[in-house]
Amino acid sequence: MYTEDGKRYLDLTSGIGVTNLGHCHPRLVKVVQTQAATLWHGQLGMGTHKALADLIDDLSTVMPKHLTNLFFCSTGAEAVEGALRLARNATGRQNVIAVQGAYHGRTNACMAITTSKYSYHIGCKPLMPGVTIVPCPFTSQLKVSPNSNMDEEVKRCLGIFDDLIFQTTNPKEVAMVIVEPVLGEGGYVPLPKAYLEGLTKRCKDHGILFVLDEVQTGYGRTGSMFMAEQIGIEPDMMLFAKGVANGLPLAGVAMRPDIAKASIPGTQGGTYSGNALSCASASEVIKVFRDERILENVALRSAQLMNGLQDIVRRNPELPLQEIRGRGLMIGIQFSDNAPSGISGETVAQCLERGLMILNTSKFEILRLIPPLNVTADQCAEALKLFEEGLKAAVAAKGYVHNGPKVASMKPCCATPCYKNLDGTPQACRFICQR
Ligand code: PMP
């Protein structure tokens, strides 16, 4: 990225996980220009334009096979709202279960199931009723040590789910459970496979629809097109947005055919659904993914960044860091509880001064790295160098003096990693700084 006056920035934000093939990828520029000279937009009430028809064919090659039906809209929040309408139509039930710390968007229903920060619904009460928020195995929220046995924490959270589903509602009244497989705005926390499997089992047992919000994890970000593949679960509905058209607004819900069939005619839609420019871009994104072997790059660059970040911790054992974690190129860095307040914002500012764009997120002090999925090895090496400088400058600017035990080692969260890379090799998702 370059400013008007020519200053160069290395962008590890990708417009919040959107420009996954970088800014102005020449192939995307070309197809969008061609589409702009053909048809900008055609409303779907009277037919299907070619850009959308082609996209449906292309999407069918990357979507989970059992999710045969698609609803298109423009934003992630609209997709969440669409899924809620579909779940209510299909089950005849009204209530929703969402996860503590989740982010699902800013519209009225989305606010009610978003608890990553209070600021998203401040001054907007009352929110949509019928919502139960359940805990997930995020150690900061559970107020347990980052080093806790995750199997135990998964059991604890699912046990509380089993209570809440009868204390705050009744399973017969619950239409859907919605979850992000990696908690996004809430703190970049990969949720253990056993927890996600536990939720799907409970949904099956109670006839509740299981909805995966893959708005941020989707489209190659975590190392597979969608995270459902890595977890090996079959959601009833899956939401996509952000990187699908690399920055042009396109989002949607992929669902089982029986759910689509149960949708009351006329309830789903929107003026910009399936916008032609967005569709043209989205089709080409899928082709570029294949031609440029993007998923392989995600695995390689993920390993480079995760190892590089752990190396920074090992060489700077006095830094107030607690954990490096993530899947693929969705990487979170959490500061320790004793780090100065505002340290993540300060690090973002110090990195920006040095020409590196990163983001912070969550109620807790957490940084996130979301590079484009075609980021190169040299760019990652440069980013790691600038990040180390920015981080040290932020710690100094905040006047932090470390006088406790230093980081002695980095420990993976679980003895047996619950996720696998594309090539089948196991990879831990969290690395804890041991003091
Ligand atoms: N769900 C998730 C998991 C998200 O990360 C976001 C956006 N950050 C949304 C939904 C809402 O998407 P949008 O901003 O496009 O409405």
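Only a predicted model underlies this, so the values are computations on that prediction, with no experimental measurement involved. (Residues numbered from 1 in each chain as written. Predicted model: local features only at pLDDT ≥ 70, side-chain atom pairs only at ≥ 80, totals over all residues.)

## Describing the overall build of the protein chain
Phase 1: When helices and strands are counted, the protein chain shows 14 helices and 17 strands.
Phase 2: Against the globule reference of 22 Å for 435 residues, the protein chain gives a C-alpha radius of gyration of 21 Å, in line with a compact fold.
Phase 3: With respect to the three principal axes, the spread of C-alpha positions in the protein chain is 65 × 55 × 45 Å.
Phase 4: Across the 435 residues of the protein chain, 50% fall into the buried class. (Helix = DSSP H or I, 4+ residues; strand = E, 2+ residues; numbered from the N terminus. Rg over C-alpha atoms; globule rule 2.2 N^0.38 Å. Buried ≥ 20, exposed ≤ 12 C-beta atoms within 10 Å, placed from the backbone.)

## With respect to the environment of A381
Phase 1: Within the secondary structure layout, A381 lies in helix α14 (residues 377–397).
Phase 2: Separated by 80 residues in sequence, A381 and R301 have C-alpha atoms that sit 9.8 Å apart.

## A closer look at the nonpolar core
Phase 1: Ranked by internal contacts, the top residues of the largest apolar core, which has 129 residues, are A83, M176, V177, L209, V211, M237 and L239.
Phase 2: Domain assignment of the residues forming this core places at least three in each of domain 1 (10–20 + 293–434) and domain 2 (26–291).
Phase 3: The contacts of M237, once residues within four sequence positions are left out, are A83, L86, L209, V211, V253, A254, M255 and I259. (Core = buried A, V, L, I, M, F, W, Y, C linked by C-beta atoms within 7 Å. Domains from an automatic or database assignment. Contact = placed C-beta atoms within 7 Å.)

## A closer look at the site of the ligand
Phase 1: Taken together, 15 residues form the shell around the ligand, and within it T75, G76, A77, G105 and V215 come nearest.
Phase 2: Top element by residues in the shell around the ligand is helix α4 (residues 76–91). It accounts for three residues. (Near = placed C-beta within 6 Å.)

## Details of unusual backbone geometry
Phase 1: Along the chain, K125 connects to P126 via a cis peptide bond; the corresponding omega equals 0°.
Phase 2: The topology assignment puts P126 in the loop between α5 (108–112) and β4 (131–134).
Phase 3: The phi dihedral of Y188 is positive, around 55°, even though this residue is not glycine.
Phase 4: Within the secondary structure layout, Y188 lies in the loop between β6 (182–183) and β7 (189–190).
Phase 5: Positive phi values are uncommon outside glycine, yet R293 reaches one of about 45°.
Phase 6: With respect to the helices, strands and loops of the structure, R293 is situated in the loop between α11 (276–291) and α12 (294–315).
Phase 7: The exposure class assigned to R293 is exposed, which follows from the 11 C-beta atoms found within 10 Å.

## Regarding the sheet that holds strand β3 (residues 95–99)
Hydrogen bonds along the backbone pair up the strands of a sheet, which may run parallel or antiparallel.
Phase 1: Strand order in the open sheet formed by seven strands is β2-β10-β9-β8-β5-β3-β4, and the pairing between neighbours is mixed. At either margin of the open sheet sits one strand with a lone partner, and together these are β2 (69–73) and β4. Each adjacent strand pair in this sheet contributes to an overall mean axis angle of 20°, direction not counted.
Phase 2: Across four bridges, the pairing between strand β5 (residues 174–179) and strand β8 (residues 209–213) is parallel. Residue pairing across strands places I178 opposite V211, the latter belonging to β8.
Phase 3: Sheet contacts for α4: β2, β3, β5, β8, β9 (237–240) and β10 (251–255); angle to β10, the most-contacted strand, approximately 30°.
Phase 4: In this fold helix α8 (residues 193–206) packs onto β5 and β8, with an angle of close to 170° to the strand it touches most, β5. (Pairing = 2+ DSSP bridges. Axes fitted to C-alpha atoms, helices over the stretch in contact; angles between N-to-C directions.)

## Things to note about the sheet that holds strand β16 (residues 409–412)
Phase 1: One open sheet accounts for six strands, arranged β14-β15-β12-β11-β17-β16; its pairing is antiparallel. If you trace the sheet from one side to the other, it starts and ends with β14 (359–361) and β16, each paired once. Recorded for the sheet is a direction-independent mean angle of 25° between the axes of neighbouring strands.
Phase 2: Where β14 meets strand β15 (residues 366–369), three bridges bridge the pair, whose relative direction is antiparallel. Residue N360 lies in a different strand from β15, and its bridge partner there is L367.
Phase 3: Packed onto the sheet, α12 meets β11 (321–327), β12 (330–335), β15, β16 and β17 (430–434) and runs at close to 175° relative to β11.
Phase 4: Lying on the sheet, helix α13 (residues 343–353) is in contact with β12, β14 and β15; it crosses β14 at an angle near 170°.

## A few points about the pairing of β11
Phase 1: Counting buried positions along β11 yields seven of seven residues, so the element is predominantly enclosed.
Phase 2: Looking at chain direction, β11 and β12 are connected through six bridges and run antiparallel. Note on β12: the bridge partner recorded for R325 is G332.
Phase 3: In this structure, the hairpin formed by β11 and β12 is closed by a connection of two residues, where G328 is found at a positive phi of approximately 55°.
Phase 4: Across three bridges, the pairing between β11 and β17 is antiparallel.

## Notes on α4
Phase 1: Taking 1.5 Å of rise per residue, the 16 residues of α4 would be expected to cover 22 Å, and the 22 Å separating its terminal C-alpha atoms lies within 8% of that figure.
Phase 2: Extensive coverage of α4 is indicated by the burial of 14 of its 16 residues.
Phase 3: Looking at the residues trailing α4, positive phi occurs at G92, about 70°. (Expected span 1.5 Å × (residues − 1).)

## So, the domain arrangement of the protein chain
Phase 1: Assigned domains of the protein chain: these are domain 1 (10–20 + 293–434) and domain 2 (26–291).
Phase 2: Elements that contribute at least two residues to the side of domain 1 that touches domain 2 include exactly α1 (14–17), α12, β11, β12, β15 and β17.
Phase 3: A breakdown of the residues in the side of domain 1 that touches domain 2 according to their chemical character gives 18 nonpolar, 12 polar and seven charged. (Nonpolar A, V, L, I, M, F, W, Y, C, P; charged D, E, K, R; others polar.)

## A few points about helix α3 (residues 50–59)
Phase 1: Within α3, the full set of buried residues consists of A51, L52, L55 and L59. Looking straight down α3, one finds its buried side chains confined to an arc of 95°; they lie on one side.
Phase 2: Residues of α3 that are buried make contact with α2 (26–36), β2 and α11. (Arc of directions from axis to C-beta.)

## Comments concerning the environment of S140
Phase 1: In this structure, S140 sits in helix α6 (residues 139–142).
Phase 2: By the C-beta count within 10 Å, which is 20 here, S140 ends up buried.
Phase 3: As a C-alpha pair, S140 and Q334 span 194 residues in sequence and 9.9 Å in three-dimensional space.

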